[in-house]
Amino acid sequence: MIKVSGLKLRPGEDVKHLRDKITRALSLDRICGGKVPQFEYKILRRSVDARKRPDIFFVYTVCADLGRQLEDKILNTRNAAGAEYYEEKKYDPPGLKDPSGLSGITKPVIIGAGPCGLFCAYILTLAGIPPIVMDRGSDIDKRTETVLNFFETGILSPECNVQFGEGGAGAFSDGKLNTSVKDRDGINRFILETFVKFGAKEEIAYDAKPHIGTDELKRVIKNMRIFMEENGAVFLFDTKMTGFCLTGERLGGIRTNDRDIMTDRAVMAIGHSARDTFEMLYEKNVKMVSKPFAVGLRLEHRQSLMNKSRYGTEYDKDLPPSDYKVTNRTKKGRNVYSFCMCPGGYVIDSSSEEGRLCINGMSFSKRDGRNCNSAIVVAVDEKDYGEGVLAGMEYQRKIEERAFALAEGKIPVLSLREFRSGNIRKDKEFGLEPCIMGRYEKADIRGVLDPEINEAIIESIDKWNESIEGFNDEDAVLSAVEARTSSPVRIIRNEAHESCIRGLYAAGEGAGYAGGIMSAAADGVRTAGKLLESYNKRDGNGI
Ligand SMILES: Cc1cc2nc3c(=O)[nH]c(=O)nc-3n(C[C@H](O)[C@H](O)[C@H](O)COP(=O)(O)OP(=O)(O)OC[C@H]3O[C@@H](n4cnc5c(N)ncnc54)[C@H](O)[C@@H]3O)c2cc1C
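First things first, this report covers the structure right here in the doc. Within each chain, residues carry numbers counting from 1 in the order of the written sequence. Local features in this predicted model are restricted to residues of pLDDT 70 or higher, and side-chain atom pairs are both shown and tallied only at a pLDDT of 80 or more, whereas totals for entire chains, interfaces and linings draw on every residue. Only heavy atoms go into the side-chain values, all of them from the structure, while hydrogens and water stay out.

### Some points on the overall build of the chain
So, step 1. Helix and strand definitions follow DSSP, with helices as H or I runs of at least four residues and strands as E runs of at least two, each counted in order from the N terminus. Check the secondary structure of the chain and you find 14 helices and 24 strands.
So, step 2. Here the globule rule is a power law, 2.2 Å times the number of residues to the power 0.38, and the radius of gyration is based on C-alpha atoms. Taken against the 2.2 N^0.38 rule, which gives 24 Å for 543 residues, the C-alpha radius of gyration of the chain at 25 Å falls within 12% of a compact globule.
So, step 3. Principal-axis analysis of the C-alpha atoms places the extent of the chain at approximately 75 × 70 × 40 Å.
So, step 4. We call a residue buried when its accessible area falls under 20% of the maximum for its residue type, exposed when it is over 50%, and partly exposed in between, using a 1.4 Å probe and counting protein chains only. For the chain, with 543 residues in total, the buried portion stands at 56%.
So, step 5. Taking all contacts inside the chain whose residues are at least 6 apart in sequence as the whole, residues at least 24 apart take part in 73%.
So, step 6. Computed with the Shrake-Rupley method and a 1.4 Å probe, the accessible areas treat only the protein chains shown as cover for residues. Of the roughly 23000 Å² of accessible surface on the chain, a fraction of 49% belongs to carbon and sulfur atoms.
So, step 7. Residues counted as positive are Lys and Arg, residues counted as negative are Asp and Glu, and His and the chain ends are not counted. Taken as the charge centre is NZ of Lys, CZ of Arg, CG of Asp or CD of Glu, depending on the residue. The centroid of the 81 positive side-chain charges in the chain is displaced by 4 Å from the centroid of its 81 negative side-chain charges. Note on definitions: a residue-residue contact is assigned when non-hydrogen atoms from the two residues lie within 4.5 Å.

As structure tokens, then:
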């Protein structure tokens, strides 16, 4: 096949025009003497190029199957601009050498049904060794009811919320699927195509910034679970790992809130918010270290302002709502960056512990909300929260308690003007009405984070106003507190992804090996590969 890059279509232009663009880019008319053959092509990548606005284009990379003979002729007779040979890198999930040799083994157990746990379970199911998957939260339908009730009433379920339940933290998310991890082995493409197989729109497989949106993601996750159940996997919801037992030197079983499940292989894919589970593992001497993360405030702007800044127009039905990614190193040497930017999205209450409040961002597949938001976060480490494996986690708890106390558990919000001046007018309406899922109230959020962190945030917002006009608009709205950008611990694991307990694997964001839906899912795929290797290497005792 031949890969052709740099094919441009105008926003709203029919994608069918790509065939003509390919024909022209490869001079097929001339090379084939006017008899251009029928050919198949596939879109590999689509991105928006707005650098020369108002001349904005969708830029496509495709692969076309023209047959080796013609492809050689094209690439040998002239250097077709942006064309080269192309071989698809397909990830082939590992299997079991001798499935028949598995009789009598205990089922593997996956703890956590987030992206990591789900993809780990999916690979094992495809390989013919369907696992038991447990999650402390409920299935996606019941969970959605519980979460919507929380947004409305503030009644939190510590076991079933935006962090916990089927789909994990990713279910109530913006569903951004971009990752900075290079796709060396085709696993990223495999994950995207798996989401498409279970109902996501095809574009996610080739968009430069793929996005599903919470409404679609929930449906896709449920379809994936049903497929696995139909192939022998067992899903246990509202079931929490509370401990584990050993058989000799290795794992013998997982303790849960209502029974023990005997197994010699279990994967902890527990996410960055499983604080009580981190405490349990720490008490049971499972080797862990504290891990740096970032904290900050979520900043809202009108989406039209961002569109104008990038596209030169406030709204264009044929262009995706504009996003941004900004970083800054402050005069005092703090690293500040925008995190989890949600175009046309909502700020949401993503708390999971009583008396503690944290926020994050979410959007629906249409991303048609009035505002956009992102967390403006500052990197923190032991210098900020002291030494100790769980010191970072306790620091997160402290700032979440401060945020909770400000407005009795409602999300505390302030305009940028009031945050700067300290002149807080509770009687005054917001210049920009916040888009928040959950209850919120105007409150003085300046005391939630340390002054040096507030200073770094303000300095950076002003800095970014140089590149994005209106970024420091005084009516922009700040909410507190973004405390869980990634896991505050890393569970030590070996090459086989096993923790210091043989047979107890550690994976995903919670274990400190991923950040975001895609990299967590990819770590799940790789960890399943490690489990299958261990089954294929089983000794005479079946271990
Ligand atoms: C609101 C929000 C929006 C986000 N938006 C995006 C986005 O747009 N794009 C992106 O890439 N990332 C986003 N993220 C981050 C992303 O969701 C996570 O990085 C990803 O879900 C991590 O996957 P995971 O499977 O490792 O862990 P998680 O998704 O956190 O899943 C862990 C699961 O383990 C379960 N669990 C925990 N402890 C136990 C226990 N003791 N027993 C049983 N079960 C347990 C939990 O209930 C949970 O379901 C967002 C996160 C949040 C909270």
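### Here we look at the site of the ligand
So, step 1. Residues are labelled near a given molecule or strand when at least one of their non-hydrogen atoms is within 4 Å of it. Surrounding the ligand, one finds 36 residues, the nearest of these being Cys 116, Asp 135, Met 241, Glu 509 and Ile 517.
So, step 2. Residue Gly 165 places a main-chain N or O atom 3.0 Å away from an oxygen atom belonging to the ligand.
So, step 3. Summarising the interface, the protein chains cover 97% of the accessible area of the ligand, which totals 990 Å² for the free molecule.
So, step 4. At the level of secondary structure, the elements contributing two or more residues to the shell around the ligand comprise helix H4 (115–126), strand E17 (359–362) and helix H14 (517–536).
So, step 5. Charged means Asp, Glu, Lys or Arg here, nonpolar means Ala, Val, Leu, Ile, Met, Phe, Trp, Tyr, Cys or Pro, and polar covers whatever is left, Gly included. Residues of the shell around the ligand, tallied by class, amount to 15 nonpolar, 15 polar and 6 charged. Polar contact criterion, stated in full: a pair of N or O atoms within 3.5 Å, where within protein one must be able to donate a hydrogen and the other to accept it, and residues adjacent in sequence count only if both atoms are side-chain atoms.

### Digging into the pattern of salt bridges
So, step 1. Salt bridges, as used here, are contacts in which a Lys or Arg side-chain nitrogen is within 4 Å of a carboxyl oxygen on Asp or Glu. Per the counting criterion, the structure on display carries 53 salt bridges.
So, step 2. When the shortest N-O distance is used, the salt bridge between Glu 353 and Arg 275 registers 2.8 Å. Of the two residues, Glu 353 is situated in the loop between strand E16 (346–349) and E17 and Arg 275 in helix H8 (residues 275–283); the sequence distance between them amounts to 78 residues. The two residues Glu 353 and Arg 275 agree in class, both being buried.
So, step 3. Across the pair Glu 400 and Arg 484 runs a salt bridge whose closest N-O atoms are separated by 2.9 Å. Taken together, the residues Glu 400 in helix H11 (residues 391–406) and Arg 484 in the loop between strand E22 (477–482) and strand E23 (489–491) connect sequence positions 84 residues apart. The pair Glu 400 / Arg 484 is uniform in exposure class, with both members buried.
So, step 4. Residues participating in the shared-partner salt-bridge network are Arg 275, Glu 279, Glu 353, Arg 356, Glu 394, Arg 397, Glu 400, Glu 401 and Arg 484.

### Quick word on helix H7 (residues 214–230)
So, step 1. The first and last C-alpha atoms of H7 sit 24 Å apart over 17 residues, in line with the 24 Å expected at 1.5 Å per residue.
So, step 2. Taken together, the buried positions of H7 are occupied by Thr 214, Leu 217, Lys 218, Val 220, Ile 221, Met 224, Arg 225 and Met 228. Down the axis of H7, the smallest arc covering the buried residues is 165 degrees, so these residues share one side.
So, step 3. Here the buried face of H7 lies against H4, helix H5 (140–153), helix H6 (187–197), strand E7 (234–236), E17 and H14.
So, step 4. Within two residues after H7, Gly 232 carries a phi angle of roughly 100 degrees, on the positive side. How far a helix is expected to stretch is found by multiplying one less than its residue total by 1.5 Å. Within this analysis, the arc is defined by the directions that extend from the helix axis to the C-beta atoms.

### Concerning the packing of aromatic side chains
So, step 1. The pairing test for Phe, Tyr and Trp rings, Trp by its six-membered ring, is centres within 6.5 Å, and the orientation test on the planes gives stacked under 30 degrees, edge-to-face over 60, and tilted for anything in between. Throughout the structure, instances matching the rule amount to 16 aromatic pairs.
So, step 2. Between Phe 119 and Phe 195, the aromatic rings sit 5.4 Å apart at their centres with planes inclined by 85 degrees, giving edge-to-face as the arrangement. In this pair, Phe 119 is assigned in helix H4 and Phe 195 in helix H6, connecting sequence segments 76 residues apart.
So, step 3. On the basis of relative accessibility, which here comes to 1%, the residue Phe 119 falls in the buried class.
So, step 4. Given a relative accessible area of 3%, Phe 195 falls into the buried group.
So, step 5. Taken together through their ring pairs, the aromatic side chains of Tyr 91, Phe 119, Tyr 122, Phe 190, Phe 195, Phe 198 and Phe 227 make up a single cluster.
So, step 6. Over the face of the ring belonging to Phe 430 we find Lys 442, whose NZ or CZ atom lies 5.0 Å from the ring centre. Two thresholds decide whether a charge sits over a ring: the Lys NZ or Arg CZ must be within 6 Å of the ring centre and within 35 degrees of the ring normal.

### Overview of the sheet that holds strand E18 (residues 371–380)
So, step 1. Pairing between strands requires that DSSP locate at least two bridges from one strand to the other. Strand order in this open sheet of 7 strands is E14-E15-E18-E13-E22-E19-E21, and the pairing throughout is mixed. With partners counted over all chains shown, the strands left at the sheet margins are strand E14 (327–329) and strand E21 (440–442), one partner each. Across this sheet, the average inter-strand angle for adjacent strands is 30 degrees, counted without regard to direction.
So, step 2. Taken together, the 10 bridges between strand E13 (residues 293–302) and E18 define a ladder with antiparallel strand orientation. In the sheet register, Phe 293 faces E18, and the bridge partner there is Val 380.
So, step 3. Together, E13 and E18 form the strand contacts of helix H9 (residues 303–311), whose direction differs from that of E13 by roughly 90 degrees.
So, step 4. Contacting E13, E18, strand E19 (411–415) and E22, H11 runs over the sheet at an angle of about 35 degrees to E13. Here the axes come from fitting lines to C-alpha atoms, over the contacting stretch only for helices, and the angles between their N-to-C directions go from 0 to 180 degrees.

### Quick look at the pairing of strand E15 (residues 335–342)
So, step 1. The pairing of E14 with E15 spans 3 bridges and is classified as antiparallel. Note that in E15 the partner of Asn 328 across the bridge is Val 336.
So, step 2. Linking E14 back to E15 in an antiparallel pair, the connection comprises 5 residues, with Gly 333 at a positive phi of about 80 degrees.
So, step 3. Pairing of E15 with E18 involves 5 bridges; the strand directions are antiparallel. Pairing of Ser 338 across the sheet is with Ile 376, part of E18.

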